[in-house]
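Analysis of the macromolecular model
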Amino acid sequence: MSTALTWDRVWLGGHLATLAAGREGYGEILNGALAARRGKIAWVGPEGDLPGRPEDLAKEVLDLQGRWLTPGLVDCHTHMVFAGDRSGEFEARLRGATYEEIARGGGGIRTTMRATREASEDDLFREASRRLVALQTEGVTTVEVKSGYGMETGTELRMLRAARRLARDHPVRVQTTFLGAHVLPPEFEGRREAYLDLIREEMIPQVVKEGLADAVDAFCDEIAFTPEECRSVLLAGREAGLATRLHADQLSDQGGAALAARLGARSADHLERTSPEGVAAMASAGTVAVLLPGAFYFLKEDHPPPVSRFREAGVPMAVATDMNPGSSPLNSILTAMNLSCLLMGLTPEEALRGVTVHGARALGLHQVLGSLEKGKMADLAIWEVGHPRELSYWMGRNPCVGVVKDGEPTPS
Ligand code: DI6
Ligand code: FE
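1. Points about the packing of helix α7 (residues 192–209) against helix α8 (residues 227–239)
Closest axis-to-axis distance for the α7/α8 pair is 10 Å, and the angle between their directions is 10 degrees. Judged by the angle between their axes, α7 and α8 are roughly parallel. As α7 runs across α8, the sense of the crossing is right-handed. Contacts between α7 and α8 involve Arg192, Leu196, Ile199, Arg200 and Ile204 on the former and, on the latter, Glu229, Ser232, Val233, Ala236 and Gly237. Residue composition of the contact of α7 with α8, grouped by class: five nonpolar, two polar and three charged.

And the structure:
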(Lines give C-alpha, C1' and ligand atoms only; values in the text may rest on other atoms or scores of the structure.)
(Ligands and ions follow the chains in the order given, each with its own letter.)
Protein backbone atom coordinates (compact mmCIF):
# COMPACT_ATOMS: atom_id res chain seq x y z
CA MET A 1 0.00 0.00 0.00
CA SER A 2 1.42 3.44 -0.79
CA THR A 3 0.41 6.22 1.56
CA ALA A 4 2.09 8.82 -0.68
CA LEU A 5 3.96 11.15 1.64
CA THR A 6 1.30 11.64 4.26
CA TRP A 7 3.70 13.25 6.72
CA ASP A 8 6.03 16.22 6.58
CA ARG A 9 8.71 14.58 8.69
CA VAL A 10 9.42 11.38 10.55
CA TRP A 11 12.06 10.84 13.21
CA LEU A 12 13.31 7.30 13.77
CA GLY A 13 16.37 5.37 14.82
CA GLY A 14 16.14 6.45 18.46
CA HIS A 15 14.04 6.23 21.58
CA LEU A 16 11.05 8.21 22.83
CA ALA A 17 10.18 9.39 26.33
CA THR A 18 6.53 10.09 25.53
CA LEU A 19 5.29 10.84 29.07
CA ALA A 20 1.94 9.94 27.56
CA ALA A 21 -1.16 9.59 29.71
CA GLY A 22 -1.73 6.05 30.88
CA ARG A 23 1.88 4.98 30.28
CA GLU A 24 4.13 4.03 33.15
CA GLY A 25 7.37 5.79 33.98
CA TYR A 26 8.73 7.92 31.19
CA GLY A 27 6.34 6.32 28.71
CA GLU A 28 9.38 4.96 26.92
CA ILE A 29 9.23 3.56 23.43
CA LEU A 30 12.59 2.01 22.61
CA ASN A 31 13.31 2.13 18.89
CA GLY A 32 10.40 4.46 18.44
CA ALA A 33 9.32 6.73 15.63
CA LEU A 34 7.38 9.98 15.60
CA ALA A 35 5.84 11.72 12.61
CA ALA A 36 4.73 15.33 12.25
CA ARG A 37 2.23 16.81 9.85
CA ARG A 38 1.25 20.47 9.71
CA GLY A 39 2.94 21.17 13.03
CA LYS A 40 1.25 18.39 14.94
CA ILE A 41 2.20 14.91 15.97
CA ALA A 42 0.59 12.62 13.39
CA TRP A 43 1.94 9.27 14.54
CA VAL A 44 3.92 7.87 17.50
CA GLY A 45 4.89 4.27 18.08
CA PRO A 46 7.51 1.58 17.71
CA GLU A 47 9.44 2.04 14.49
CA GLY A 48 8.57 -1.53 13.50
CA ASP A 49 4.86 -0.58 13.48
CA LEU A 50 5.22 2.21 10.91
CA PRO A 51 2.52 1.66 8.29
CA GLY A 52 4.96 1.54 5.40
CA ARG A 53 8.48 2.44 4.37
CA PRO A 54 9.48 5.72 6.06
CA GLU A 55 10.53 7.32 2.76
CA ASP A 56 7.11 6.50 1.32
CA LEU A 57 5.38 8.05 4.31
CA ALA A 58 7.19 11.35 4.90
CA LYS A 59 8.82 14.05 2.83
CA GLU A 60 11.77 14.00 5.18
CA VAL A 61 13.17 11.12 7.22
CA LEU A 62 15.43 12.08 10.14
CA ASP A 63 17.70 9.62 11.91
CA LEU A 64 17.95 10.10 15.68
CA GLN A 65 21.14 8.00 15.73
CA GLY A 66 20.21 6.30 18.96
CA ARG A 67 19.34 9.52 20.79
CA TRP A 68 16.26 10.24 22.89
CA LEU A 69 13.32 12.37 21.91
CA THR A 70 11.19 14.11 24.56
CA PRO A 71 8.46 16.73 24.41
CA GLY A 72 9.88 20.25 24.12
CA LEU A 73 10.40 21.51 27.65
CA VAL A 74 8.08 24.03 29.30
CA ASP A 75 9.40 26.68 31.71
CA CYS A 76 6.08 27.66 33.24
CA HIS A 77 7.23 30.38 35.68
CA THR A 78 9.77 33.06 34.76
CA HIS A 79 10.32 36.76 35.28
CA MET A 80 12.78 36.91 32.39
CA VAL A 81 11.84 40.41 31.23
CA PHE A 82 13.72 42.84 33.49
CA ALA A 83 16.57 45.32 33.40
CA GLY A 84 19.72 45.46 35.51
CA ASP A 85 20.92 42.94 38.03
CA ARG A 86 21.06 42.56 41.80
CA SER A 87 24.58 41.26 42.25
CA GLY A 88 25.19 44.02 44.81
CA GLU A 89 22.32 42.70 46.92
CA PHE A 90 23.73 39.22 46.44
CA GLU A 91 26.97 40.42 48.06
CA ALA A 92 24.98 42.10 50.84
CA ARG A 93 23.21 38.81 51.49
CA LEU A 94 26.53 37.00 51.63
CA ARG A 95 27.57 39.50 54.29
CA GLY A 96 24.49 38.56 56.31
CA ALA A 97 21.52 40.67 55.14
CA THR A 98 18.38 38.69 54.39
CA TYR A 99 16.18 38.89 51.29
CA GLU A 100 13.33 40.26 53.42
CA GLU A 101 15.54 42.90 55.09
CA ILE A 102 16.74 44.11 51.70
CA ALA A 103 13.14 44.24 50.48
CA ARG A 104 11.94 46.13 53.58
CA GLY A 105 14.79 48.61 53.10
CA GLY A 106 13.46 49.62 49.69
CA GLY A 107 15.70 47.27 47.68
CA GLY A 108 14.86 43.89 46.23
CA ILE A 109 12.02 43.94 43.72
CA ARG A 110 12.03 47.76 43.93
CA THR A 111 15.67 47.85 42.80
CA THR A 112 14.71 46.00 39.64
CA MET A 113 11.62 48.20 39.32
CA ARG A 114 13.81 51.31 39.09
CA ALA A 115 16.03 49.79 36.39
CA THR A 116 13.08 48.40 34.45
CA ARG A 117 11.19 51.70 34.47
CA GLU A 118 14.27 53.26 32.84
CA ALA A 119 14.51 50.63 30.10
CA SER A 120 12.91 50.87 26.66
CA GLU A 121 10.86 48.07 25.17
CA ASP A 122 13.81 47.33 22.87
CA ASP A 123 16.21 47.11 25.81
CA LEU A 124 13.86 44.76 27.64
CA PHE A 125 13.35 42.66 24.54
CA ARG A 126 17.08 42.37 23.85
CA GLU A 127 18.00 41.33 27.36
CA ALA A 128 15.13 38.86 27.61
CA SER A 129 16.08 37.39 24.22
CA ARG A 130 19.48 36.37 25.52
CA ARG A 131 17.90 34.64 28.50
CA LEU A 132 15.36 32.96 26.28
CA VAL A 133 17.99 31.65 23.85
CA ALA A 134 19.88 30.08 26.77
CA LEU A 135 16.72 28.18 27.71
CA GLN A 136 16.04 27.16 24.12
CA THR A 137 19.46 25.55 23.81
CA GLU A 138 18.32 23.32 26.68
CA GLY A 139 15.27 22.11 24.81
CA VAL A 140 12.73 24.67 26.03
CA THR A 141 9.98 25.37 23.49
CA THR A 142 7.43 27.09 25.76
CA VAL A 143 8.01 29.75 28.40
CA GLU A 144 5.80 31.79 30.63
CA VAL A 145 6.87 35.39 31.28
CA LYS A 146 5.52 37.67 33.99
CA SER A 147 5.39 41.42 34.25
CA GLY A 148 5.72 42.92 37.72
CA TYR A 149 8.84 45.08 37.69
CA GLY A 150 7.00 48.16 36.44
CA MET A 151 4.26 48.58 39.00
CA GLU A 152 3.09 51.51 36.92
CA THR A 153 0.86 51.07 33.92
CA GLY A 154 3.30 52.10 31.20
CA THR A 155 6.15 49.86 32.32
CA GLU A 156 3.89 46.90 33.00
CA LEU A 157 2.55 47.16 29.44
CA ARG A 158 6.06 47.58 28.04
CA MET A 159 7.25 44.42 29.80
CA LEU A 160 4.32 42.43 28.43
CA ARG A 161 4.85 43.80 24.92
CA ALA A 162 8.51 42.76 25.09
CA ALA A 163 7.39 39.31 26.23
CA ARG A 164 4.89 38.97 23.38
CA ARG A 165 7.61 40.04 20.97
CA LEU A 166 9.80 37.13 22.11
CA ALA A 167 7.28 34.78 20.53
CA ARG A 168 7.31 36.68 17.25
CA ASP A 169 11.09 36.77 16.90
CA HIS A 170 12.07 33.37 18.28
CA PRO A 171 10.82 29.83 17.67
CA VAL A 172 9.13 29.59 21.05
CA ARG A 173 5.67 29.66 22.55
CA VAL A 174 5.24 32.42 25.13
CA GLN A 175 2.47 32.77 27.68
CA THR A 176 2.36 36.05 29.52
CA THR A 177 1.18 36.79 33.04
CA PHE A 178 0.31 40.17 34.50
CA LEU A 179 1.92 40.52 37.95
CA GLY A 180 1.16 44.13 38.84
CA ALA A 181 0.62 42.96 42.43
CA HIS A 182 4.27 42.06 42.96
CA VAL A 183 5.11 44.53 45.74
CA LEU A 184 3.75 47.95 46.64
CA PRO A 185 5.57 50.61 44.59
CA PRO A 186 7.18 53.31 46.79
CA GLU A 187 4.98 56.15 45.52
CA PHE A 188 1.97 54.31 47.00
CA GLU A 189 3.52 53.84 50.45
CA GLY A 190 0.67 54.16 52.94
CA ARG A 191 -1.92 54.07 50.12
CA ARG A 192 -2.25 50.38 49.44
CA GLU A 193 -5.89 50.56 48.38
CA ALA A 194 -5.07 53.22 45.81
CA TYR A 195 -2.49 50.95 44.18
CA LEU A 196 -4.90 48.02 44.20
CA ASP A 197 -7.51 50.26 42.57
CA LEU A 198 -4.98 51.19 39.90
CA ILE A 199 -4.34 47.50 39.23
CA ARG A 200 -8.01 46.61 39.10
CA GLU A 201 -9.36 49.65 37.34
CA GLU A 202 -6.58 50.70 34.99
CA MET A 203 -3.89 48.09 34.55
CA ILE A 204 -6.01 44.96 34.13
CA PRO A 205 -8.48 46.57 31.70
CA GLN A 206 -5.61 48.00 29.63
CA VAL A 207 -3.66 44.73 29.59
CA VAL A 208 -6.77 42.83 28.55
CA LYS A 209 -7.78 45.39 25.95
CA GLU A 210 -4.39 45.08 24.25
CA GLY A 211 -4.40 41.27 24.57
CA LEU A 212 -1.11 41.42 26.44
CA ALA A 213 -1.70 38.77 29.11
CA ASP A 214 -3.02 35.25 29.37
CA ALA A 215 -3.10 35.13 33.15
CA VAL A 216 -2.97 37.24 36.28
CA ASP A 217 -0.72 36.51 39.26
CA ALA A 218 -0.01 38.13 42.64
CA PHE A 219 2.68 37.78 45.31
CA CYS A 220 0.97 36.72 48.52
CA ASP A 221 3.44 37.37 51.32
CA GLU A 222 4.23 39.56 54.32
CA ILE A 223 6.58 41.66 52.17
CA ALA A 224 4.04 41.90 49.36
CA PHE A 225 0.23 41.55 49.46
CA THR A 226 -2.21 39.98 51.91
CA PRO A 227 -4.41 37.06 50.90
CA GLU A 228 -7.43 39.39 50.79
CA GLU A 229 -5.59 41.85 48.51
CA CYS A 230 -4.40 39.05 46.24
CA ARG A 231 -7.90 37.66 46.10
CA SER A 232 -9.33 40.94 44.90
CA VAL A 233 -6.67 41.23 42.17
CA LEU A 234 -7.15 37.66 40.98
CA LEU A 235 -10.92 38.08 40.96
CA ALA A 236 -10.64 41.27 38.90
CA GLY A 237 -8.36 39.44 36.45
CA ARG A 238 -10.65 36.46 36.32
CA GLU A 239 -13.66 38.65 35.59
CA ALA A 240 -11.71 40.24 32.76
CA GLY A 241 -11.12 36.79 31.29
CA LEU A 242 -7.62 35.97 32.53
CA ALA A 243 -6.52 32.66 34.01
CA THR A 244 -5.23 32.93 37.58
CA ARG A 245 -2.05 31.87 39.40
CA LEU A 246 -0.57 32.78 42.74
CA HIS A 247 2.90 33.19 44.32
CA ALA A 248 1.95 31.38 47.51
CA ASP A 249 3.52 30.47 50.84
CA GLN A 250 7.11 31.15 49.75
CA LEU A 251 8.51 33.00 52.76
CA SER A 252 5.61 32.50 55.17
CA ASP A 253 2.39 30.47 55.28
CA GLN A 254 -0.36 32.90 54.37
CA GLY A 255 -2.85 30.24 53.36
CA GLY A 256 -1.96 31.10 49.77
CA ALA A 257 -2.24 27.56 48.43
CA ALA A 258 -5.79 27.21 49.75
CA LEU A 259 -6.67 30.63 48.37
CA ALA A 260 -5.38 29.67 44.92
CA ALA A 261 -7.39 26.46 45.09
CA ARG A 262 -10.56 28.28 46.15
CA LEU A 263 -10.22 30.72 43.26
CA GLY A 264 -9.76 27.89 40.76
CA ALA A 265 -6.24 29.08 39.94
CA ARG A 266 -4.27 27.05 37.46
CA SER A 267 -1.33 26.92 39.80
CA ALA A 268 0.06 27.91 43.15
CA ASP A 269 3.78 28.57 42.97
CA HIS A 270 6.72 28.25 45.43
CA LEU A 271 4.78 26.62 48.34
CA GLU A 272 7.72 26.13 50.72
CA ARG A 273 5.48 26.86 53.72
CA THR A 274 2.23 25.29 52.52
CA SER A 275 0.27 23.50 55.26
CA PRO A 276 -1.34 20.05 54.95
CA GLU A 277 -4.70 21.86 54.58
CA GLY A 278 -3.28 23.83 51.66
CA VAL A 279 -2.13 20.62 50.00
CA ALA A 280 -5.56 19.04 50.45
CA ALA A 281 -7.31 22.10 49.01
CA MET A 282 -5.03 22.03 45.96
CA ALA A 283 -5.64 18.32 45.48
CA SER A 284 -9.41 18.70 45.44
CA ALA A 285 -9.33 21.72 43.15
CA GLY A 286 -6.76 20.24 40.74
CA THR A 287 -4.34 23.14 41.27
CA VAL A 288 -0.82 22.54 39.94
CA ALA A 289 2.04 22.96 42.44
CA VAL A 290 4.82 24.86 40.69
CA LEU A 291 8.11 24.14 42.45
CA LEU A 292 10.88 26.68 42.06
CA PRO A 293 14.09 25.14 43.34
CA GLY A 294 16.23 27.99 41.98
CA ALA A 295 14.67 30.43 44.46
CA PHE A 296 14.83 27.84 47.24
CA TYR A 297 18.55 27.38 46.58
CA PHE A 298 19.46 31.00 45.97
CA LEU A 299 17.68 32.18 49.13
CA LYS A 300 19.35 29.35 51.07
CA GLU A 301 15.95 28.19 52.31
CA ASP A 302 15.91 25.28 54.70
CA HIS A 303 12.24 24.42 54.48
CA PRO A 304 11.41 22.56 51.25
CA PRO A 305 7.86 22.41 49.91
CA PRO A 306 5.81 19.42 51.11
CA VAL A 307 6.65 17.22 48.13
CA SER A 308 5.68 13.89 49.68
CA ARG A 309 2.31 15.31 50.66
CA PHE A 310 1.77 16.60 47.12
CA ARG A 311 2.75 13.20 45.76
CA GLU A 312 0.45 11.30 48.13
CA ALA A 313 -2.45 13.67 47.45
CA GLY A 314 -1.96 13.41 43.68
CA VAL A 315 -1.19 17.13 43.19
CA PRO A 316 0.62 17.55 39.86
CA MET A 317 4.07 19.07 40.43
CA ALA A 318 5.60 21.36 37.82
CA VAL A 319 9.20 22.57 37.98
CA ALA A 320 10.34 25.93 36.63
CA THR A 321 13.32 28.29 36.80
CA ASP A 322 11.59 31.38 38.30
CA MET A 323 14.32 33.18 36.27
CA ASN A 324 14.57 36.58 37.97
CA PRO A 325 17.36 38.89 39.15
CA GLY A 326 16.62 38.72 42.87
CA SER A 327 15.69 35.31 44.16
CA SER A 328 16.53 33.02 41.25
CA PRO A 329 19.06 34.23 38.68
CA LEU A 330 18.81 30.74 37.18
CA ASN A 331 18.97 30.61 33.42
CA SER A 332 18.85 26.83 33.13
CA ILE A 333 15.85 24.51 33.19
CA LEU A 334 18.14 21.47 33.44
CA THR A 335 19.69 22.90 36.61
CA ALA A 336 16.18 23.51 37.96
CA MET A 337 15.45 19.81 37.38
CA ASN A 338 18.66 18.75 39.11
CA LEU A 339 17.94 21.02 42.10
CA SER A 340 14.34 19.80 42.33
CA CYS A 341 15.66 16.27 42.79
CA LEU A 342 18.43 17.03 45.26
CA LEU A 343 16.85 19.82 47.31
CA MET A 344 13.17 18.90 47.13
CA GLY A 345 13.13 15.14 46.70
CA LEU A 346 11.63 14.74 43.24
CA THR A 347 12.62 11.72 41.20
CA PRO A 348 14.23 12.41 37.81
CA GLU A 349 11.02 11.17 36.23
CA GLU A 350 8.94 13.62 38.28
CA ALA A 351 11.36 16.40 37.36
CA LEU A 352 10.91 15.63 33.66
CA ARG A 353 7.13 15.49 34.06
CA GLY A 354 7.45 18.79 35.91
CA VAL A 355 8.96 20.52 32.88
CA THR A 356 6.66 18.82 30.35
CA VAL A 357 3.17 17.54 31.15
CA HIS A 358 2.74 19.34 34.44
CA GLY A 359 4.42 22.53 33.27
CA ALA A 360 1.98 22.53 30.36
CA ARG A 361 -0.90 22.00 32.79
CA ALA A 362 0.15 25.02 34.87
CA LEU A 363 -0.30 27.04 31.66
CA GLY A 364 -3.58 25.39 30.73
CA LEU A 365 -1.88 23.86 27.67
CA HIS A 366 -1.88 20.19 28.67
CA GLN A 367 -4.35 19.28 25.91
CA VAL A 368 -1.92 20.46 23.24
CA LEU A 369 1.57 20.26 24.75
CA GLY A 370 3.70 18.36 27.21
CA SER A 371 3.70 14.78 25.93
CA LEU A 372 4.37 12.88 22.72
CA GLU A 373 0.84 11.95 21.73
CA LYS A 374 -0.98 12.05 18.44
CA GLY A 375 -2.74 15.34 17.90
CA LYS A 376 -0.51 17.41 20.20
CA MET A 377 1.82 20.06 18.83
CA ALA A 378 5.08 18.63 17.49
CA ASP A 379 7.35 20.52 19.90
CA LEU A 380 10.29 18.23 20.59
CA ALA A 381 13.76 18.08 22.08
CA ILE A 382 16.50 15.64 21.07
CA TRP A 383 19.00 14.48 23.67
CA GLU A 384 22.42 12.86 23.47
CA VAL A 385 21.79 10.64 26.49
CA GLY A 386 21.54 6.94 27.22
CA HIS A 387 18.42 7.43 29.37
CA PRO A 388 16.08 10.37 30.04
CA ARG A 389 16.95 10.40 33.75
CA GLU A 390 20.24 12.00 32.65
CA LEU A 391 18.39 15.26 32.08
CA SER A 392 18.28 15.64 35.88
CA TYR A 393 21.71 14.13 36.47
CA TRP A 394 24.38 16.15 34.71
CA MET A 395 25.29 19.51 36.20
CA GLY A 396 26.46 22.24 33.87
CA ARG A 397 26.36 19.95 30.87
CA ASN A 398 23.74 20.34 28.22
CA PRO A 399 22.95 17.15 26.31
CA CYS A 400 20.33 18.80 24.08
CA VAL A 401 21.31 18.38 20.42
CA GLY A 402 18.17 19.51 18.65
CA VAL A 403 14.92 21.38 19.14
CA VAL A 404 11.77 21.15 17.03
CA LYS A 405 8.86 23.57 17.22
CA ASP A 406 5.60 23.00 15.35
CA GLY A 407 7.24 20.09 13.54
CA GLU A 408 10.10 22.24 12.23
CA PRO A 409 13.68 21.74 13.39
CA THR A 410 14.87 25.08 14.77
CA PRO A 411 18.28 26.49 13.81
CA SER A 412 20.87 25.94 16.55
N1 DI6 B 1 8.77 35.57 44.08
C2 DI6 B 1 9.92 35.39 43.46
O3 DI6 B 1 10.63 34.45 43.59
C4 DI6 B 1 10.16 36.51 42.58
N5 DI6 B 1 8.95 37.24 42.69
C6 DI6 B 1 8.21 36.69 43.61
O7 DI6 B 1 7.13 37.13 43.91
C8 DI6 B 1 11.32 37.31 43.08
C9 DI6 B 1 11.42 38.61 42.41
C10 DI6 B 1 12.64 39.39 42.80
O11 DI6 B 1 13.21 39.26 43.88
O12 DI6 B 1 13.03 40.17 41.92
FE1 FE C 1 8.27 34.09 40.78
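2. Side note on empty space enclosed by the protein
By the definition in use, this model includes three cavities of 30 Å³ or more. Estimates place the volume of the largest cavity at around 90 Å³. His79, Tyr99, His182, Asn324 and Ser327 are the residues nearest the centre of the largest cavity, which is lined by 14 residues in total. Taken together, the residues that form the lining of the largest cavity break down as four nonpolar, eight polar and two charged.

3. Digging into the coordination of the iron ion (ligand 2)
Every protein donor of the iron ion (ligand 2) is listed here as His77 (NE2), His79 (NE2), His247 (NE2) and Asp322 (OD), and their distances to the metal cover 2.1 to 2.3 Å. Spacing between the donor residues of the iron ion (ligand 2) along the chain follows H-x1-H-x167-H-x74-D. Here histidine 79 is found in the loop between β6 (73–75) and α2 (87–94), whereas its partner aspartate 322 is found in the loop between β13 (317–319) and α13 (333–344), with 243 residues between them in sequence. Aspartate 322 sits in the buried class, given a relative accessible area of 1%.

4. A few points about the site of ligand 1
Neighbouring ligand 1 are 14 residues, the closest being Tyr99, Tyr149, His182, Asp322 and Ser327. Interatomic distance of 2.8 Å between a side-chain N/O atom of histidine 182 and a nitrogen atom of ligand 1. Histidine 270 places a polar side-chain atom, nitrogen or oxygen, 3.2 Å from an oxygen atom of ligand 1. Mapping ligand 1 onto the cavity grids shows that it belongs to the largest cavity. For the shell around ligand 1, the residue count by class is four nonpolar, eight polar and two charged.

5. Thoughts on the sheet that holds β13
Read across the open sheet, the eight strands follow the order β6-β7-β8-β9-β10-β11-β12-β13; overall the sheet is parallel. The sheet is open, and its two borders are formed by β6 and β13, each paired with just one other strand. Across this sheet, the average inter-strand angle for adjacent strands is 25 degrees, counted without regard to direction. Examined bridge by bridge, strand β12 (residues 288–291) and β13 share three bridges and lie parallel to one another. Bridge assignment links alanine 289 to a residue of β13, and that residue is methionine 317.

6. A look at the pattern of salt bridges
One pass over the full model with this rule turns up 30 salt bridges. The partner of aspartate 122 in a salt bridge is arginine 165, and the shortest N-O contact between them spans 2.8 Å. In this pair, aspartate 122 sits in helix α5 (residues 121–136) while arginine 165 sits in helix α6 (residues 153–169), placing the two residues 43 residues apart along the sequence. Note that glutamate 193 and arginine 200 form a salt bridge whose closest N and O atoms lie 3.0 Å from each other. Of the residues examined, glutamate 193 reaches a relative accessible area of 46% and is grouped as partly exposed. The partly exposed category is assigned to arginine 200, whose relative accessible area is 21%. Linked through salt bridges whose partners overlap, the residues forming this network are Glu144, Lys146, Asp217, Arg245 and Asp269.

7. A closer look at the side chain of aspartate 379
One can find aspartate 379 in the loop between α15 (357–362) and β14 (380–383). Residues contacting aspartate 379, with those up to four places away along its chain left out, are Thr70, Pro71, Gly72, Thr141, Thr142, Arg173, Leu369, Val404, Lys405 and Asp406.

8. A look at the environment of glutamine 175
Mapped onto the elements of the fold, glutamine 175 is located in strand β8 (residues 173–181). With relative accessibility at 13%, the residue glutamine 175 sits in the buried group. As for glutamine 175 and valine 145, which are separated by 30 residues in sequence, their C-alpha atoms are 6.3 Å apart. Contact partners of glutamine 175, with chain neighbours within four places excluded, come to Val143, Glu144, Val145, Asp214, Arg266, Leu363 and Leu365. Polar contacts involving the side chain of glutamine 175 include one to the main-chain carbonyl oxygen of leucine 363, which spans 3.3 Å.

9. Observations regarding helix α4 (residues 109–118)
Within α4 the residues assigned to the buried category are Ile109, Arg110, Thr112, Met113 and Thr116. Down the axis of α4, the buried side of the element spans an arc of 155 degrees, and every buried residue falls inside it. The inward-facing, buried residues of α4 abut α3 (99–104), α5, α6 and β9 (215–220).

About the criteria used
Residues numbered from 1 in each chain as written. Chains lettered and ligands numbered in written order. Predicted model: local features only at pLDDT ≥ 70, side-chain atom pairs only at ≥ 80, totals over all residues. Heavy atoms only, no water. Axes fitted to C-alpha atoms, helices over the stretch in contact; angles between N-to-C directions. Helix = DSSP H or I, 4+ residues; strand = E, 2+ residues; numbered from the N terminus. Parallel < 35°, antiparallel > 145°, perpendicular 65-115°, else oblique. Left-handed = near helix turned anticlockwise from the far one by under 90°. Contact = heavy atoms within 4.5 Å. Nonpolar A, V, L, I, M, F, W, Y, C, P; charged D, E, K, R; others polar. 1 Å grid on protein atoms, 1.4 Å probe; cavity = no way out; pocket = protein on both sides within 12 Å on 5 of 7 lines; lining within 4 Å. Points joined across faces, edges and corners; volume = space filled by probe spheres on them. Donors = N, O, S within 2.8 Å, 3.2 Å for Na, K, Ca; no water. Buried < 20%, exposed > 50% of the residue type's maximum accessible area, 1.4 Å probe, protein only. Near = heavy atom within 4 Å. Polar contact = N/O pair within 3.5 Å; in protein donor to acceptor, adjacent residues only side chain to side chain. Sits in = over half its atoms within 2 Å of the grid points. Pairing = 2+ DSSP bridges. Salt bridge = Lys/Arg side-chain N within 4 Å of Asp/Glu carboxyl O. Arc of directions from axis to C-beta.

Worth remembering: the numbers are spatial, not functional.
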